[in-house]
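# Results of the structural survey
Now for the letters of each chain:
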Amino acid sequence: GSAANRCLYGADAERAGLWIVALTTVIHLVAASCRHQCVELLKDYDSAGGYHVLTHAIANSSAEHVPTLLELVTVLVCCKIAGAPSSYDEMDDENGGGSSGGETTHRAVDIAEGKMAMNTNAFEIVDELMARSTGVLAAYKERHGGSRPIFDGGSDVA
């Protein structure tokens, strides 16, 4: 058959895991560039509607793919936006850049900064997901006598 018959689109692509592959590739590339103080790819991701695409994928993916997509949100949330002073820079200023034991301290600061939410655009996805889920979870609790949902993959919360 033709090349068009060998392509997967929309829901078929999602079921085959292609949304995960594409978004993982792009988001990890963007995050890696941010770790090297280059935010041009992050700006391109934003201007091309990348956050919207990720939000759409989360809202329309199968339950088995959502956890991976949520992990990608955390990767973006922790992207350091260039221009924001880091505590590493402030420590260099305070310590004159050459105090003994500074390498260990700087390494600890780098690890901590890698886990901080610094990208407000990506954090808006988290905010939107929380706002959407609050009503769903409240309705679930009401229907089930106040019990909390169990997220084991085998139950349907909705």
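Our structure's up above, just so we're on the same page.
Before going into details, it helps to say that this report is about the structure given with it. The written sequence of each chain sets the order in which its residues are numbered from 1. Per-residue local features are limited, in this predicted model, to residues with pLDDT of at least 70; the limit for side-chain atom pairs, both in listing and counting, is 80 or more; totals at the level of whole chains, interfaces and linings are taken over all residues. Excluded from the side-chain calculations are hydrogens and water; all other atoms, namely the structure's heavy atoms, are used.

## Section: the nonpolar core
- The term nonpolar core refers to a set of buried residues drawn from Ala, Val, Leu, Ile, Met, Phe, Trp, Tyr and Cys, joined through side-chain atoms within 4.5 Å. Residue burial is assigned from relative accessible area. The probe radius is 1.4 Å, only protein chains are included, and a residue is buried under 20% of its type maximum, exposed over 50%, and partly exposed in between. One finds Leu 54, Leu 69 and Leu 76 to be the most contacted residues of the largest nonpolar core, which totals 22 residues.
- At the level of secondary structure, the elements contributing two or more residues to this core comprise helix 2 (18–35), helix 3 (40–47), helix 4 (50–60), helix 5 (66–77) and helix 8 (120–143).
- Secondary structure elements are defined from DSSP: runs of H or I of at least 4 residues count as helices, runs of E of at least 2 residues count as strands, and each element is numbered from the N terminus. Here the element with the most residues in this core is helix 2; it accounts for six residues.
- The contact criterion used throughout is that any non-hydrogen atoms of two residues lie within 4.5 Å. Each residue touching Leu 69, except ones within four places of it in the same chain, is listed here: Ile 20, Leu 23, Leu 54, Ala 57, Ile 58 and Ser 61.

## Details of helix 5
- Helices are assigned an expected span. That span is 1.5 Å times one less than the residue count. Taking 1.5 Å per residue as the helical rise, helix 5 with its twelve residues ought to reach 16 Å, and the 17 Å between its terminal C-alpha atoms agrees with that figure.
- Those residues of helix 5 that fall on the buried side of the exposure criterion are Leu 69, Leu 72, Val 73, Leu 76 and Val 77. End-on, the buried residues of helix 5 take up no more than an arc of 140°, which puts them together on one face.
- Those residues of helix 5 that are buried are in contact with helix 2, helix 3, helix 4 and helix 8. The directions from the helix axis to the C-beta atoms form the arc being described.

## Side note on a nonpolar patch on the surface
- Together, Leu 8, Leu 18 and Val 21 make up an exposed nonpolar region whose accessible area comes to about 250 Å².
- Examined against the element boundaries, Leu 8 turns out to sit in the segment before helix 1 (10–15). What makes a patch is a set of residues exposed beyond 30% relative accessible area and free of salt bridges, joined within 9 Å when like-charged and within 5 Å when nonpolar (Val, Leu, Ile, Met, Phe, Trp, Tyr). For the area figures, the Shrake-Rupley method with a 1.4 Å probe applies, and any residue is considered shielded solely by the protein chains shown. By convention in these notes, a salt bridge is any Lys or Arg side-chain nitrogen within 4 Å of a carboxyl oxygen on Asp or Glu.

## Overview of the pattern of salt bridges
- Enumeration according to the criterion identifies two salt bridges in this entry.
- With a shortest N-O distance of 2.3 Å, Asp 12 and Arg 15 are connected by a salt bridge. You can see Asp 12 and its partner Arg 15 sitting in helix 1, three residues apart, about one turn around the helix.
- Glu 40 is the partner of Lys 43 in a salt bridge, and the nearest nitrogen-oxygen pair spans 3.6 Å. In this pair, Lys 43 and Glu 40 are both assigned in helix 3, three residues apart and thus about one turn of the helix distant.
- Relative accessible area serves as the criterion here: at 49%, Lys 43 is assigned to the partly exposed category.
- A relative accessible area of 46% means that Glu 40 is categorised as partly exposed.

By themselves, these observations are geometric and do not establish any function.
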